[in-house]
Amino acid sequence: MDNVVRSANEAAEKIIEWSKGHDIQTCFDKARKMKPCPIGAAGACCRVCHMGPCRLIGSRAEEEATGVCGATLPTVAARNFLRMVVSGAAAHSDHARDMAFTLMAVANGETRDFRIADEAKLHMVAEILEIEVKDRPVNHVARDVAATLLDDFGRQKGQINYLKRAPQKTRDRWKKWGIIPRGVDREICEAIHRTNMGVDHDPDNLLLSALRVALADGWAGSMISTDISDVLFGTPRPLRGKAGFGILKEDEVNLVVHGHEPSLAEMIVDVVDDPELLEYARSKGASGINLGGMCCTANEVLMRHGIPTAGGFTNQELVILTGLVDAIIVDVQCIMPALAELSNRFHTKVITTSSKAKMPGAVHAAYDEHRARETAMEIVRMAIDNFPNRKQEGSHVSDLNPLVAGFSQEYIEYMQGGRMRASFRPLNDAIMVGRIRGVVGLAGCDNPRVPSQGLHRFLARELIMSDVLVVSTGCGSHACQTAGYMTPEMALENAGPGLKEVCEAIGIPPILHLGSCVDNSRILTILSAMASEGGLSEEIGGMPGVGIAPEWMSEKALAIGSYFAASGVPVIFGGESPVGASKEVTRIMTVIWFERFKGALYFEPDPEKILSMALEFIDYAREGLKLKKYEPGKFGVERVLMDMAARRETTF
Ligand code: SF4
Ligand code: MSK
């Protein structure tokens, strides 16, 4: 047994240790055995045609290395990067398309299983889309909203609707550099065309295409998905929850929902309390039905219903190893195919639900929004039927951490002024006087190639200690939740003096949970609102804000990072650059993008350096805005934030 720490999550580490004694391999073992190909890892391998694959290596200078066709290393690396961004953008956007179809089905009365949960949000979206709401039935408005948002996918000319939510100066930059996205599908199709053999060979042009397709993801795909989820299932507001393997119950049927699209998971949340199903569970010897979440589906059902989470990406195999999961229900994205094989060692049923994402060895229960409740009932019954098959084998490790989750833009505005005075003024003021040094979006996956979740936790702790407000999404949230960091008490014990005061005054944690991967779009609209509030930058670029994805693994993370960079946010990824072989591509993504957009992409494996880079970017932006120099514990004069007593007098 080696002494290498595989996960910073102690409970996860115990399960990994347990697996060793039971001859079970997980991603942690495989990550150590599977050494990445250094040529592919640095973006120097081209395999887009059958004259290759061409490996652009050797002793020659970068500008001399070419493939059989003459493609240079910068061309190959830029093309590889663009392909990764396209794949990530397609994933979020296809998710959004399904959400729009669900909204349309609800509006047309084709499904009775879902309803409009948040009419105010529907009206807000309709107003942005310039759809008439006055005196119109809600389903008519919903139909127009769904149809207009679906237009964003197939539009050939013009621009996607939500671009108007960005500050004018940010949009001007996009126009100047020709990266205004027209329609999501068009950008994805064109970008893939450019990477076909013999098309676009200019690295700068290829990378501008990456930004364009990424903007289509951030300001259409992801944003559409976030908005429709809020409309159909409710706009999140903070609630208490729990995180850890201890959410699983020894005496109840345990179901875990894992993946990304929230529709079926919402329906399962609805049916697990069904008296008929509860009776059925009792007839099989269980004392109840227990639902937990994993990865981004967990974020969705946690922030709207307080469904507890078993953790992020690297916990998915480990949850099966507890021996307590009767069914794990998966849809699309970030689902390890290893689950099916692993489940054979236990009694767990892996149930796939999307026609786009099947898995040999899993059971398939096709989800269709027109018969959502029926599918959900069928799946819960399968889990109940499996409960008597539960064996004693399993790690049975449990841990449980309290958390507060579910901060939407709407709630963040409300918490700063109640319903009548909701705004970003207090937050902007707190940043201006140096009470809050800046804001970091700590996002992205957790990764078995580093002590998993450890980089998120290290950065979260250090940032809040430096008075940086952290907003968190995706599996980064789970890393903080399973450490107990997302509680108001965390601010009292670990935040710097200014941030602590702010958190105490409002009663919030220093790390705000904003939701799933697609909910990174909430950060875009929050930054836009901060820009229009005044006192900081008039555009997203130049704000004292940074994005960090320290343990990223998915191509979606590159799409997210690219839309933040194009929108004006410096983004730091952990690990080595996937296109680090090309100095020219690296220069374009850092120096050139920063000059053009005030945002850029950096790759840095050392977490200490990531931290110092983030703080330097924040302080550089403060200096550029001529704000008071940040000094811990020394603040200027600012408006008084709304305190708890005043807030109790208002309603959300
Ligand atoms: Fe090689 Fe050029 Fe074909 Fe790429 S496109 S595999 S560099 S010949
Ligand atoms: S689930 S993309 S591992 S954040 Fe959204 Fe987590 Fe990364 Fe998937």
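Residues numbered from 1 in each chain as written. Chains lettered and ligands numbered in written order. Predicted model: local features only at pLDDT ≥ 70, side-chain atom pairs only at ≥ 80, totals over all residues. Heavy atoms only, no water.

**Re the nonpolar core**
Stage number 1. Among the nonpolar cores identified, the biggest contains 176 residues, and Phe81, Val145, Trp174, Trp219, Ile268 and Trp593 are the most heavily contacted of them.
Stage number 2. For this core, the element with the most residues is helix H9 (residues 203-233), which contributes 17 residues.
Stage number 3. Every residue in contact with Phe81, bar those within four places of it in the chain, is listed here: Leu207, Ala210, Leu558, Ser562, Val579, Met589, Trp593 and Leu601. (Core = buried A, V, L, I, M, F, W, Y, C linked by side-chain atoms within 4.5 Å. Buried < 20%, exposed > 50% of the residue type's maximum accessible area, 1.4 Å probe, protein only. Helix = DSSP H or I, 4+ residues; strand = E, 2+ residues; numbered from the N terminus. Contact = heavy atoms within 4.5 Å.)

**With respect to the sheet that holds strand S7 (residues 349-352)**
Stage number 1. Taken in spatial order, the 5 strands of this open sheet run S5-S4-S6-S7-S8, and their pairing is parallel. Two strands bound the open sheet, and with one partner strand each, they are strand S5 (289-294) and strand S8 (363-364).
Stage number 2. Bridge count between strand S4 (residues 253-259) and strand S6 (residues 327-330): 4 bridges; the pairing is parallel. When the bridges of S6 are listed, Val256 appears paired with Ile328.
Stage number 3. Helix H12 (residues 295-305) rests against S4 and S5 of the sheet, and its axis sits at about 110° to S4. (Pairing = 2+ DSSP bridges. Axes fitted to C-alpha atoms, helices over the stretch in contact; angles between N-to-C directions.)

**Side note on the domain arrangement of the chain**
Stage number 1. The domains assigned to the chain are domain 1 (73-233), domain 2 (245-389) and domain 3 (409-624).
Stage number 2. Here domain 2 and domain 3 have C-alpha centroids that lie 31 Å from each other.
Stage number 3. Contacts between domain 2 and domain 3 engage 17 residues on the former and 21 residues on the latter.
Stage number 4. When residues of domain 2 are sorted by the area they lose upon contact with domain 3, Asn299, Phe313 and Thr314 head the list and together hold 36% of the total.
Stage number 5. Taken together, the links from domain 2 to domain 3 amount to 0 salt bridges.
Stage number 6. Remark: the boundary between domain 2 and domain 3 carries 12 residue pairs in polar contact (both at pLDDT 80 or more).
Stage number 7. Among the residues making up the side of domain 2 that touches domain 3, the classes are represented as 7 nonpolar, 8 polar and 2 charged. (Domains from an automatic or database assignment. Buried area = accessible area lost by both parts, 1.4 Å probe. Salt bridge = Lys/Arg side-chain N within 4 Å of Asp/Glu carboxyl O. Polar contact = N/O pair within 3.5 Å; in protein donor to acceptor, adjacent residues only side chain to side chain. Nonpolar A, V, L, I, M, F, W, Y, C, P; charged D, E, K, R; others polar.)

**Examining the site of ligand 2**
Stage number 1. The environment of ligand 2 is formed by 13 residues, the closest being His260, Cys296, Cys334, Cys475 and Cys517.
Stage number 2. For the shell around ligand 2, the secondary-structure elements that each account for two or more residues are H12 and helix H19 (474-481).
Stage number 3. For the shell around ligand 2, a count of residues per class yields 8 nonpolar, 4 polar and 1 charged.
Stage number 4. There are two domains that each give the shell around ligand 2 at least three residues, and those are domain 2 (245-389) and domain 3 (409-624). (Near = heavy atom within 4 Å.)

**Things to note about the packing of aromatic side chains**
Stage number 1. This model, assessed by the stated rule, comprises 12 aromatic pairs.
Stage number 2. Measuring from ring centre to ring centre gives 6.2 Å for Trp18 and Phe346, while their planes differ by 35°; the resulting arrangement is tilted. In this pair, Trp18 is assigned in helix H1 (residues 10-21) and Phe346 in the loop between helix H14 (338-343) and S7, connecting sequence segments 328 residues apart. Just as Trp18 is buried, Phe346 falls in that class too.
Stage number 3. Plain terms: the ring middles of Phe594 and Tyr620 are 6.4 Å apart, the flat faces sit at 50° to each other, and that makes the pair tilted. Of the two residues, Phe594 sits in helix H24 (residues 583-597) while Tyr620 sits in helix H25 (residues 607-624), which places them 26 residues apart along the sequence.
Stage number 4. Taking the relative accessible area as the measure of exposure, Phe594 reaches 23% and is therefore partly exposed. (Phe/Tyr/Trp six-rings, centres within 6.5 Å; stacked < 30°, edge-to-face > 60°.)

**Some details on unusual backbone geometry**
Stage number 1. The peptide bond linking Gly52 to Pro53 adopts the cis configuration, its omega dihedral lying at 0°.
Stage number 2. Residue position: Pro53 is located in the loop between strand S1 (45-46) and strand S2 (54-55).
Stage number 3. You will see that Cys334, though not glycine, has its phi angle at about 65°, which is positive.
Stage number 4. For Cys334, the position within the fold is in the loop between S6 and H14.

**Some details on the site of ligand 1**
Stage number 1. Taken together, Cys46, Val48, Cys49, Met51, Gly52, Cys54, Gly67, Val68, Cys69, Ala71, Arg79 and Met197 make up the full set of residues adjacent to ligand 1.
Stage number 2. Tallied by class, residues from the shell around ligand 1 come to 9 nonpolar, 2 polar and 1 charged.

**Description of the pattern of salt bridges**
Stage number 1. Inspection of the entire model under this criterion finds 43 salt bridges.
Stage number 2. Residue Arg304 pairs with Glu300 through a salt bridge whose shortest N-O separation is 2.8 Å. One end of the pair is Arg304 and the other is Glu300, both in helix H12 and 4 residues apart, which spans about a single turn. As far as burial versus exposure is concerned, Arg304 and Glu300 are alike and both buried.
Stage number 3. Between Arg437 and Asp619 there is a salt bridge whose closest N-O contact spans 2.7 Å. Of the two residues, Arg437 is situated in the loop between helix H17 (425-432) and strand S10 (438-442) and Asp619 in helix H25; the sequence distance between them amounts to 182 residues.

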